[in-house]
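Each chain, written out:
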Amino acid sequence: MVIFGIEMTKDKSKQDLGSHRVTTSGDIEVSTYLEIAKELGGEQPSAPEEAISGAEREAIIVIDFGSQYSLLIARRIRECQVYCELLPYDTPWEKIISLNPKGFILSGGPASVYEPGAPLAPAYIYESNLPILGICYGMQVITHQLGGKVMPATKHEYGHAVLHVSNVDSPLLADLDTSLPVWMSHGDQIEEMPPGFSALAYTEGSPFAIMGNDKRIFGLQFHPEVAHTPQGKTILKNFAYRICGCRGNWTMGNFTKDSLARIKEQVGRGKVINALSGGVDSAVVATLIHRAIGNQLTCIFVNNGLLRREEVERTFNIFHLNLGMNIIHIDASERFLHCLKGVVNPEVKRKVIGEEFIKVFEEEASRIGKVDFLAQGTLYPDVIESASSGSKASAKIKTHHNVGGLPAKMTLNLIEPLRYLFKDEVRQVGLELGLPEEMIWRQPFPGPGLAIRIIGEVTKEKLEILRSADWVVMNEIKKAKLYRQLWQSFAILTDVKSVGVMGDFRTYGYLVSIRAVTSEDAMTADWARLPYDLLARISNRIVNEVPEVNRVVYDITSKPPSTIEWE
Ligand code: XMP
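Residues numbered from 1 in each chain as written. Predicted model: local features only at pLDDT ≥ 70, side-chain atom pairs only at ≥ 80, totals over all residues. Heavy atoms only, no water.

Caption draft 1: Fine view of the overall build of the protein. The number of helices and strands found in the protein is 16 helices and 18 strands. The buried share of the protein, taken over its 567 residues, is 59%. Within the protein, contacts between residues separated by at least 24 positions form 78% of all contacts whose residues are at least 6 apart in sequence. A total accessible area of about 23,400 Å² is found for the protein, and carbon and sulfur atoms account for 52% of it. (Helix = DSSP H or I, 4+ residues; strand = E, 2+ residues; numbered from the N terminus. Buried < 20%, exposed > 50% of the residue type's maximum accessible area, 1.4 Å probe, protein only. Contact = heavy atoms within 4.5 Å. Areas by Shrake-Rupley, 256 points an atom, 1.4 Å probe, with all protein chains shown as cover.)

Below you can see the structure in the form of C-alpha cells.
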C-alpha cells in the first residue's frame, strides 16, 4: 500500500524558498519540502486510510463551509478520541466513504444560504442516512435544503448568550445543565424550521437555538467548538457517541502502533533521510521512523551556528547517545556566518539562511548514496492551510524558513507520518514513544534561529551576547514554572545602545528586550503578564551576567499588530 508516495522531479532551479507560505505549527520543521514537492509537480498524498487502519476505522467528517472555527471542531472531536477530518463541501463521496464515516458535521461559514451560489451540502449527506449536526451556517444549510426558512436576523447575535434547554431527554443534550452559556456569531437566523423538526433549546434572540428531528439530524445556532461555550464539548461528544455510535478508538497508542506497522511496510528495505532540528515535530517523526526501521534511517543535523546555548549538544545526546539514532552532525556555523556578513534586512537574512541550509543538506545527503525516502514533520493544520491557501490572496508578512532541503539528482518519496495530527496529538505520540518531557514540551524555535532575534548584522560577538541573555530568560522562566504555559519566551538583541552607570563608571551598552507570549497556534498571541518580581530577576541577572548589556525592556505588544519574532 503506497500511501505517502510523491515522486519528485529534479529541477533544482525551482527550489525558491521565497514563495513559501507561513506554517501554523510555529516550529522548526521540514515542511518546506512539501512546497518544493508541489512546485516540482508532485501531488499531495491523499491517503485517508493512513490515519487509522482497517476494521477499527470510524470517523466523523466535518464538511467545511469556511468558518474560522472549522478546524477547531475537528480538534474537539478528536479530543473525544474519535477520529475526525475536515473536508471541503465538494468532496466526492468515494473519498468520504473510504474513511468509514459515522456522522457529518456541517461547519459554520461566512455565506448566506439564500444568496445565489451559496455553498450547500452535497445530496449524499442526506441520502447516507447518517447523523448530521449543522453548526451555525451548517444549521442554516440544513434548514434551507430540507424546506425551512432562513432570514437575515433583525438583530445580529454576536457574543455570549444563555441557552435554555427545553428538551432534556434528547441524547444530544445529555449531561448538560438546563441553562448554559453559549457563544453566538450569526447574522442570519432560522425563521421556520423544516418539516419534522422541533426546537430543543432557545436563547433570548434565537427561538430555535437547537433543533432536531427523528432522523438524527440536528442544528445548533451557536458555536459549541469555541472555549466561550464551556459545555460545547459535551454536546459534540454526545453527538459522536450517543447519536453516531462511535466507540472512541482514536488514541495515540493505537495511532503509534498503526503508524509503526505502516512505515515498515512502506519503506521495506529502503533508506530514509530526515532533517533533524530538535523541534518537537521533527523529533517525533525521527523517533517514530527509527522505531520502525532502525538504522535504515539517517538523520542530518545541521548546526547553522544560530542555535541557543547547549542546544547542539543536547539534541545530539538525546538522539544519538540515548536513542541510538544514526546522525550526521554538520557544524556549518562558519559557513552561515560568512553568508550573513553585512546582511541587515530581515527578509534577506531568511532567504540567505534558507538557501544555505539547502546547499549543506544536499551536500551531506549526496554523500550517503542512494536514498529512497525523505521524512518530514507536516502537521494537519499545515495540510488544511495549504489546501485552502491556493484560493486566498494573502499578504506575505514573513518568509518562514523551515529546516529543509532537497537532495539534488534524487527521486524521493515523502514519508509524513504526522500528516493527520494536531500539535497536541504529536506531543502525545512523543510521550508514547518515550521521548523526554523536555523535548516534548519544547517551545517553538524558528528555523532561522537567533539570526532573526538579532536586529541588524549577525556577528559571532552578538550571537554570544544573545545566547547569554537568552539563557538567563529561559532559566528564570523555568525556575518560575512558567515554561509550559508560555507559547514562547526569549530575548532579543536590539541594535540600540544606551548610556548607563555601573559602580562609578559610565557604560554604553546594548539594549536587550524580553518577549514572552501566550498563544494557541501562533496566528495570534498576547504578551504574557509575567510577575514583576520575575521580570526584575531576569533584568538584574542579564545586566550582571552579560557585560555588554546595560538596559533591559519588556515587549508588551500582542500579535497583531506585532509579530512574535522581531524580524
Ligand atoms: P511570527 O513572528 O510570524 O511567528 O509571529 C509565528 C511563529 O512562527 C515561528 N517562526 C518560524 N518558524 N521558521 C519556523 O519554523 C521560520 O522561519 C519562522 N519564523 C517565525 C515563531 O517563532 C512563532 O512561533
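Caption draft 2: Region of the structure containing the packing of helix H7 (residues 252–267) against helix H8 (residues 280–293). H8 packs onto H7 with a crossing angle of 65 degrees between their chain directions and a minimal axis gap of 9 Å. Seen from above, H7 lies across H8 with right-handed handedness. Here H7 contributes Thr-256, Ser-259, Leu-260, Ile-263, Lys-264 and Val-267 to the contact with H8, which in turn contributes Leu-288, Ile-289, Arg-291, Ala-292 and Ile-293. Grouping the amino acids of the contact of H7 with H8 by side-chain chemistry returns seven nonpolar, two polar and two charged. (Axes fitted to C-alpha atoms, helices over the stretch in contact; angles between N-to-C directions. Left-handed = near helix turned anticlockwise from the far one by under 90°. Nonpolar A, V, L, I, M, F, W, Y, C, P; charged D, E, K, R; others polar.)

Caption draft 3: Highlighting helix H16 (residues 532–545). For H16, which comprises 14 residues, the first-to-last C-alpha distance of 20 Å matches the rise-based estimate of 20 Å (1.5 Å per residue) to within 8%. Inspection of H16 places Leu-534, Leu-535, Ile-538, Ile-542 and Val-543 among the buried residues, and these make up the whole buried set. End-on view of H16: buried residues confined to an arc of 155 degrees, all on one side of the axis. Opposite the buried face of H16, by more than 90 degrees, sit the exposed residues Tyr-532, Asp-533 and Asn-544. (Expected span 1.5 Å × (residues − 1). Arc of directions from axis to C-beta.)

Caption draft 4: Main features of the pattern of salt bridges. If you walk through the whole model with that rule in mind, you get 29 salt bridges. Arg-242 is paired through a salt bridge with Asp-175; the nearest N and O atoms lie 3.1 Å apart. With Arg-242 in helix H6 (residues 232–243) and Asp-175 in the loop between strand S5 (149–165) and strand S6 (179–192), this residue pair connects regions lying 67 residues apart in the sequence. We classify Arg-242 as partly exposed; its relative accessible area is 47%. For Asp-175, a relative accessible area of 63% corresponds to the exposed category. Residue Asp-281 is joined to Lys-423 by a salt bridge in which the shortest nitrogen-to-oxygen separation is 3.1 Å. (Salt bridge = Lys/Arg side-chain N within 4 Å of Asp/Glu carboxyl O.)

Caption draft 5: View of the sheet that holds strand S13 (residues 373–375). Spatial strand order, S12-S11-S10-S13-S14: five strands in an open sheet with parallel pairing. Two strands bound the open sheet, and with one partner strand each, they are strand S12 (327–331) and strand S14 (413–415). Going across the sheet, the axis of each strand differs from the next one's by a mean of 25 degrees, ignoring polarity. As judged from the five bridges shared by strand S11 (residues 297–303) and S12, these two strands associate in the parallel manner. Within the sheet, the bridge partner assigned to Cys-299 lies in S12 and is Ile-327. Sheet contacts for H7: strand S10 (272–275), S13 and S14; angle to S14, the most-contacted strand, approximately 165 degrees. Helix H11 (residues 346–368) rests against S10, S11, S12 and S13 of the sheet, and its axis sits at about 145 degrees to S11. (Pairing = 2+ DSSP bridges.)

Caption draft 6: Quick peek at the sheet that holds strand S7 (residues 198–202). On the basis of which strands lie adjacent, the open sheet formed by nine strands has the order S2-S1-S3-S4-S9-S8-S7-S5-S6 and mixed pairing. Since the sheet does not close on itself, it has two edges, and those belong to strand S2 (83–88) and S6, each with one partner. Neighbouring strand axes in the sheet, compared pairwise and without regard to direction, differ in orientation by 25 degrees on average. Across three bridges, the pairing between S7 and strand S8 (residues 210–212) is antiparallel. In the sheet register, Ala-199 faces S8, and the bridge partner there is Met-211. Contacts between helix H5 (residues 137–145) and the sheet are confined to strand S3 (101–106), strand S4 (132–135), S5, S6, S8 and strand S9 (217–220), with S4 contributing the most and set at about 120 degrees to the helix. Where H6 meets the sheet, its contacts fall on strand S1 (59–64), S3, S4 and S9, and the angle it forms with S4 comes to roughly 165 degrees.

Caption draft 7: Spatial organisation of the nonpolar core. Counting residues in hydrophobic clusters, the biggest one holds 159 residues, and the most contacted among them are Ile-60, Ile-105, Leu-106, Leu-172, Leu-530 and Ile-542. Per-element accounting of this core gives the leading share, nine residues, to H8. Beyond its immediate chain neighbours, meaning those up to four positions away, Leu-106 contacts Ile-63, Phe-65, Ala-121, Ile-125, Tyr-126, Ile-132, Leu-133, Gly-134, Ile-135, Gly-138, Val-141 and Ile-142. Counting residues in hydrophobic clusters, the runner-up holds eight residues, among them Trp-487, Ala-522, Ala-525 and Ile-564. (Core = buried A, V, L, I, M, F, W, Y, C linked by side-chain atoms within 4.5 Å.)

Caption draft 8: Representation of the confidence of the model for the protein within the structure. Of the residues in the protein, 86% reach a pLDDT of 70 or more, and the chain-wide mean stands at 87. Taken together, the stretch residues 1–49 has pLDDT below 50 and engages in 162 contacts with residues farther than four places along the chain or on a different chain. (pLDDT = per-residue confidence, 0-100.)

Caption draft 9: Just unusual backbone geometry, in detail. Between Lys-559 and Pro-560 the backbone carries a cis peptide bond, its omega angle lying at -15 degrees. Here Pro-560 is to be found in the segment after strand S18 (549–554). Cis geometry marks the peptide bond from Pro-560 to Pro-561, where omega comes out at 10 degrees. Along the chain, Pro-561 turns up in the segment after S18. We note that Gln-81 has phi near 65 degrees; this positive angle belongs to a residue other than glycine. Considering the arrangement of structural elements, one finds Gln-81 in the loop between helix H2 (70–79) and S2.

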